[in-house]
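Descriptive structure summary
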Amino acid sequence: MLMRFASPNERRTISREDLGFYNALSIAAVYEVLEGEKIDLESVHSFVAPLKACILQHPFLSVIVANKDTEKPAYEGVSSIDLKDHISILPDQLSSSGNETAAFENALVPILDRPWPTGIPPWRIVVLPLASSQRSDKEDKAGTRRCWIAFAFSHTLGDGMVGLTFHRTFLDAWQQTTATDKMSESLTIPLPASRTLPAPFDTPERLPISWNFLLGPLIAVYLPKFLARWLGLHAAVTTVNAGTWTGSHMFFNPAAPRQSRVKLLEIENRLVQKALQTARSHDAKLTGVIHQLIIRALSKTIPGKSGGSEVVTNFASQTAVDMRASIGTPAYTWGLFVSGYYETHARLPPEQQQQQQQQQQQQQQTAWSEELWAAARSTTMGLAECATRLNDQAIGLLRYAPSIRNWTLGKVGGPRDCSYEVSNLLAFDGGRSGSNGVPHQGKKRITKMVFAQPANVLSGPLVFNIVSVKGGSLVCAISWQAGALGVCDDEMGVVEEICASLREDFEALE
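Residues numbered from 1 in each chain as written. Predicted model: local features only at pLDDT ≥ 70, side-chain atom pairs only at ≥ 80, totals over all residues. Heavy atoms only, no water.

Pairing is mixed in the open sheet, where 6 strands are placed in the order β10-β18-β17-β15-β13-β14. The open sheet has two edge strands with one neighbour each: β10 (260-267) and β14 (338-346). The sheet shows a mean angle of 20° between the axes of neighbouring strands, taken without regard to direction. Sheet topology places strand β13 (residues 314-322) next to strand β15 (residues 420-428); 3 bridges connect them, and they run parallel. (Pairing = 2+ DSSP bridges. Helix = DSSP H or I, 4+ residues; strand = E, 2+ residues; numbered from the N terminus. Axes fitted to C-alpha atoms, helices over the stretch in contact; angles between N-to-C directions.)

Structure representation (structure tokens):
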């Protein structure tokens, strides 16, 4: 049953996925189940009831995309769902080594790279049982049982925030599930008349485009490349120039399996809280600070020359911006409400890197200059302005593309639009209160989250995916397409150096 046609930005995600350029993104959570709860975490039946609640509450979980390879793809509702097709339970041997971070990394790659079968809604949960933990609080003297649940879904169903929405709904429903609940694994979907999809965010009425904003990219497409460069025109809205590091050119090898690479960096709550306090004292927010930490890390690890000839003088960033507040939509509304904020950052000179490292060793506190704090404030202000502005948003340009599919396909072989991307889902409340905001006394909670994206043919070389839990740690998943960095054969080694720099800077902010 036809629900509605896809919007231009939805068509972008549909074409990208249909061409094989992007598979599944994942929002995973570590769940704690107090000892009094008799739930078998290795049984599919334990997850059926909360999943059914999620499907009935969120219509996007019961749709498929028809006509993906055309210019008029559409969302269609299904009449029933067999949950066996949407639940996978991994062997607990993955986490038996005691290194849970490594277990999460190993589990994520096949989740991210697995394409979606046709004919069923494109989402699944993957459960990894974890070792029990011993807690010292009064609430749990006997220990807890734990599992890691990854909600993997097609970007055509929504943006990263819907992963948090899913876990809120799942946790609320799971709190009310008892061990005696034995439900069928099949679910009949209510009549389509009672289940409608909300209107897309990127409509012309919501996102007006001025002639000045439109003409630059439009003219650049038709001018010879040398003339467009001379006039300073770009076919995209980014600010990439000859000195920008963008890794390798975009490429796609459909025969290469498992193109995703993921490295997880966990920052403890005490360091996160100190970073938040320090940022506030300088009128900045954490995302703006993280951009500066990334620039510092890239300045240390990325070679001074790109491709052996071009000197790297700057890095261009793209930040995913949640636009829900711009139209008064609640934060956890399901849908695709994301736009992008673009910015150029000067490479940190080697002498400045050395000077600041010496200051850190001497002072054991932030060695940032006022110039770097000013840059963090500027990014903070730019992101805030982008999140509230509806006119001249980059995603609004998509409706002027004659063929979004051909535009997507035509980008392969060209330079990337940025050096790196940042997507920060902020802090999840961990289930301390239900979706209605009322605190509950349930025996399940979320203690950690992991947000990861797959190899993206059309993205920057590196993507920094960030999420935290209130009162818990922050997890940054750095993901990339194998070969995208274009720096050396040891890409993992480069990313590990970036992680080490990020951790050092977080510790220095303490």
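Having seen the structure, we can now continue with the description.
So, on to the packing of helix α8 (residues 286-301) against helix α10 (residues 370-388). Where α8 contacts α10, the axes come no closer than 8 Å and their chain directions differ by 130°. When the axes of α8 and α10 are compared, the pair comes out oblique. As for how α8 packs across α10, the hand of that crossing is right-handed. Across the interface between the two elements, T287, G288, V289, H291, Q292 and R296 of α8 pack against L372, W373, A375, A376, T379, T380 and L383 of α10. Taken together, the residues that form the contact of α8 with α10 break down as 6 nonpolar, 6 polar and 1 charged. (Parallel < 35°, antiparallel > 145°, perpendicular 65-115°, else oblique. Left-handed = near helix turned anticlockwise from the far one by under 90°. Contact = heavy atoms within 4.5 Å. Nonpolar A, V, L, I, M, F, W, Y, C, P; charged D, E, K, R; others polar.)

The subject of this paragraph is the pattern of salt bridges. This model, assessed by the stated rule, comprises 20 salt bridges. Two residues, R324 and D159, come together in a salt bridge whose shortest N-O distance is 2.9 Å. In this pair, R324 is assigned in the loop between β13 and β14 and D159 in the loop between β8 (144-154) and α4 (161-175), connecting sequence segments 165 residues apart. The class of R324 is buried, set by a relative accessible area of 1%. (Salt bridge = Lys/Arg side-chain N within 4 Å of Asp/Glu carboxyl O. Buried < 20%, exposed > 50% of the residue type's maximum accessible area, 1.4 Å probe, protein only.)

Given a rise of 1.5 Å per residue, 19 residues ought to cover 27 Å, and the 27 Å separating the end C-alpha atoms of α10 matches this to within 8%. All of the buried residues along α10 are L372, W373, A376, T379, T380, G382, L383, C386 and A387. (Expected span 1.5 Å × (residues − 1).)

As a further point, take the confidence of the model for the chain. Looking at the chain as a whole, its pLDDT mean stands at 86, while 84% of the residues score no less than 70. The weakest mean pLDDT in the chain belongs to helix α6 (residues 225-231) at 45; the strongest belongs to strand β17 (residues 462-469) at 98. In this model residues 226-233 is a low-confidence stretch, pLDDT under 50, and it forms 8 contacts with partners more than four residues away in sequence or in other chains. Confidence drops under a pLDDT of 50 for residues 362-366, and excluding neighbours within four residues, the segment shows 9 contacts in the predicted structure. (pLDDT = per-residue confidence, 0-100.)

Glancing now at the pairing of β15. Remember that side chains alternate between the two faces of the sheet whenever the strand is regular. Taking burial as the measure, the 9 residues of β15 include 7 buried ones, the bulk of the element. With 7 bridges connecting them, β15 and β17 associate as parallel partners. Residue S423 lies in a different strand from β17, and its bridge partner there is N465.

Here we come to the packing of aromatic side chains. Counted by the stated rule, this structure contains 15 aromatic pairs. Arranged with centres 5.8 Å apart and planes meeting at 70°, the rings of Y31 and F170 form a pair that is edge-to-face. Pair noted here: Y31 is in strand β2 (residues 24-34) and F170 is in helix α4, with a separation of 139 residues, a long-range link. In this pair, the class of Y31 matches that of F170, namely buried. Their ring planes at 50° and their centres at 6.4 Å tell us that W123 and F151 sit as a pair that is tilted. Of this pair, W123 sits in strand β7 (residues 123-133) while F151 is found in strand β8, placing the two residues 28 residues apart along the sequence. The exposure class of W123 is buried, given its relative accessible area of 1%. Every member of this aromatic cluster is reached through a ring pair, and the members are Y31, F47, W123, F151, F153, F166, F170, W174 and W334. In this arrangement the basic side chain of R16 is found over the ring face of Y22, its NZ or CZ atom lying 3.9 Å from the centre. (Phe/Tyr/Trp six-rings, centres within 6.5 Å; stacked < 30°, edge-to-face > 60°. Lys NZ or Arg CZ within 6 Å of the ring centre and 35° of its normal.)

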